[in-house]
Amino acid sequence: MSCDSWYDEYAHPVASTPLTTDVVIVGAGPTGLMAATVLARLGVDHVIIDEKLEPTTESRAVGVQARTLEIYEQLGIVDEVLAEATKADALSPGYLKRAYANIPLPTLGAETTNYPYMSIIEQSKNEALLVRAHEALGGEVVWGRKVDAVESDGRGVLVSTGAVTGGEVSTGSTRLKAKYLIAADGAGSAVRRMRGIGFEGTTSAHTFFVVDAADVRGMRDTSVNIRLGRGEMLLAFPMGQGRDARLIGVVPGEHPEADLEAPLRAKLADTYGVTWGDTRWLSTYRVHHRVAERLRDGPVFLAGDAAHVHSPVGAQGMNTGLQDAHNLACKIADVLQGRADDAYLDAYEAERRPVAEHVIAFTERVFGLVTSDRRGVQTAIRMLVPIVAPVMGFLAPRLPLGRRVFGYVSQTRIRYRMPGADPRDSVVGRRLPPFAHNHDALRDFTWQVHTYGAVDRRLADAVGLPVHEYPAPVRGPLRAGWMYLVRPDGFVAAAGVTAAPLVAALPRRS
């Protein structure tokens, strides 16, 4: 449904006749907007709604990892993202007032990605870029619509929505009928609750603060600073020009948010030697580690914070949600456009749940360690950080372990289990390794075959897909003389020297 037809019908709804579309997306945060933009790029009819009356204005999440930048490159908007972002090109670990190393990210990630760094961009700016990209593809967000009910049968979903104006909700005023629904409506997801999907996990006893601060002193300007303390920590992400930064840490004592700034300034100055000028934004929150009991419920899918939440350690949360949306939207397009059966959508949970569970386990483990009040743990941290951090600063750029850690943090090492694939294969199941501008072909958002080196073109053509030919790699995981089946989301589904394994890996069609 085009935006114009949506608004025409919305302005004069017929109560007994639902508006129809292929996909309804609930929630216009980063996850929902990514899903909408990819669906628009793939030509899938959709409607995206949000109960907010306008886009987010707070900065909230800020870190954009290398794998997410690769997705933005696929969408053709990476230059706009980088123009708005601040590049964090190093990690600077330390203890209390002292930094003990400055580990250069480009050195760790240069052979892994074209974006070997972390980009710091406010969530509000990230969302604005996705809104513009969605609009450029003919889409538009419908603001001020709240979901009242979700019903489903074997043919799809029926979504009842109400208009939100001045805090009042008019229930049942518009209904949407669709084949699928993507719930990207956050940690408190109304859709998840309506579907009776559990959201089990834990909540930290600590309260955290987040400050967008100007003219920060005591931290390295272009680095992601990680300072450990006595049962606490301080993270600092560079933002914008000069010394502006996002500060995250444990709230000292028991202070209401309205009275927190003065004691927080005193605490950070005394413990970490960190001071700043103006406070542009200050908020507090509790850290949760939770994952939904299922990510698919018939025609309803959960993505982003509606599916999983965890601590800000590692700057993984928004990126995981954006990649959920990218994965799911590509799969839905394959089904709706006849390239796969509905059962193919089960792979969304099979692929993305392990990613969420790994992120949650990692962040919960690290968070629990650095905030532990056990004397032995704190003694070990105090003694080891000054020794281990400088050693890691020296060795990380020189050892494979450093590149491996970068791969995990940047989310470029994510691996999906592909049917029939050799678990020892270093390419199949992972996103296509960049080589000789091969990521340019991914902008087509199609199933495609890539060949490297001398490959009989007739073998590649036998797969029945577009073929992209590249020179033989001198180094790296891609093998000369091999063919690779690449999915629309950029992940490698199969590899071989003949067409047979590639054909066998294509989605099944009825």
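As a reminder, the structure under discussion sits directly above these lines.
A quick note: this is a predicted structure, and the numbers were derived from the prediction, not measured.

A. Just the side chain of Arg-430, in detail. Summarising the element assignment, Arg-430 is placed in the loop between helix H12 (400-409) and strand S23 (448-452). Among buried Asp, Glu, Lys and Arg side chains, Arg-430 stands out as unpaired, with Asp-425 the closest opposite charge at 7.1 Å. Engagement of the side chain of Arg-430 in a polar contact is seen with the backbone oxygen of Ser-426, the distance being 3.4 Å. Residue contacts for Arg-430: discarding those within four places in its chain leaves Arg-413, Ile-414, Arg-415, Asp-425, Gly-490, Phe-491 and Val-492.

B. Region of the structure containing the nonpolar core. Counting residues in hydrophobic clusters, the biggest one holds 113 residues, and the most contacted among them are Met-34, Tyr-72, Leu-181 and Ile-182. With nine residues, helix H9 (residues 317-336) is the largest single contributor of residues to this core.

C. Representation of empty space enclosed by the protein in the model. Within the structure shown, the criterion is met by six cavities of 30 Å³ or more. Forming the boundary of the largest cavity are Val-216, Met-219, Arg-220, Asp-221, Ser-223, Asn-225, Ala-236, Phe-237, Pro-238, Arg-243, Asp-244 and Ala-245. Among the secondary structure elements, those contributing two or more residues to the lining of the largest cavity are strand S16 (223-228) and strand S17 (233-238). Counting residues per element, the lining of the largest cavity draws most heavily on S17, which supplies three residues. For the lining of the largest cavity, the residue count by class is six nonpolar, two polar and four charged. Taken together, Arg-67, Glu-70, Ile-71, Glu-73, Gln-74, His-326, His-439, Leu-442 and Asp-489 make up the full set of residues lining the second largest cavity. With five residues, helix H3 (residues 66-75) is the single largest residue contributor to the lining of the second largest cavity. Tallied by class, the residues present in the lining of the second largest cavity amount to two nonpolar, three polar and four charged.

D. Local environment of the pairing of S16. Among the six residues that make up S16, five are buried, leaving the element largely enclosed by the rest of the structure. Pairing geometry for strand S6 (residues 90-95) and S16, over six bridges, is parallel. By the bridge assignment for S16, Leu-91 is matched with Val-224. Examined bridge by bridge, S16 and S17 share four bridges and lie antiparallel to one another. Counted as the bridge partner of Leu-228 is Met-233 from S17. The antiparallel hairpin formed by S16 and S17 contains four residues in its connecting segment, where Gly-231 sits at a positive phi of about 75°.

E. How the structure looks around a nonpolar patch on the surface. Taken together, the side chains of Leu-384, Ile-387, Val-388, Val-391, Met-392, Phe-394, Leu-395, Leu-399, Leu-401, Val-405, Tyr-408 and Val-409 make up a nonpolar region of the molecular surface, amounting to roughly 1,000 Å² of accessible area. Taken together, the elements giving at least two residues each to the nonpolar patch come down to helix H11 (375-395) and H12. In terms of residue count, the dominant contributor to the nonpolar patch is H11 (seven residues). Relative to the assigned elements, Phe-394 resides in helix H11.

Cut-offs used in this document
- Residues numbered from 1 in each chain as written.
- Predicted model: local features only at pLDDT ≥ 70, side-chain atom pairs only at ≥ 80, totals over all residues.
- Heavy atoms only, no water.
- Helix = DSSP H or I, 4+ residues; strand = E, 2+ residues; numbered from the N terminus.
- Buried < 20%, exposed > 50% of the residue type's maximum accessible area, 1.4 Å probe, protein only.
- Lys, Arg positive; Asp, Glu negative; His and termini not counted.
- Salt bridge = Lys/Arg side-chain N within 4 Å of Asp/Glu carboxyl O.
- Polar contact = N/O pair within 3.5 Å; in protein donor to acceptor, adjacent residues only side chain to side chain.
- Contact = heavy atoms within 4.5 Å.
- Core = buried A, V, L, I, M, F, W, Y, C linked by side-chain atoms within 4.5 Å.
- 1 Å grid on protein atoms, 1.4 Å probe; cavity = no way out; pocket = protein on both sides within 12 Å on 5 of 7 lines; lining within 4 Å.
- Points joined across faces, edges and corners; volume = space filled by probe spheres on them.
- Nonpolar A, V, L, I, M, F, W, Y, C, P; charged D, E, K, R; others polar.
- Pairing = 2+ DSSP bridges.
- Patch = residues over 30% accessible without salt bridge, like charges linked within 9 Å, V, L, I, M, F, W, Y side chains within 5 Å.
- Areas by Shrake-Rupley, 256 points an atom, 1.4 Å probe, with all protein chains shown as cover.

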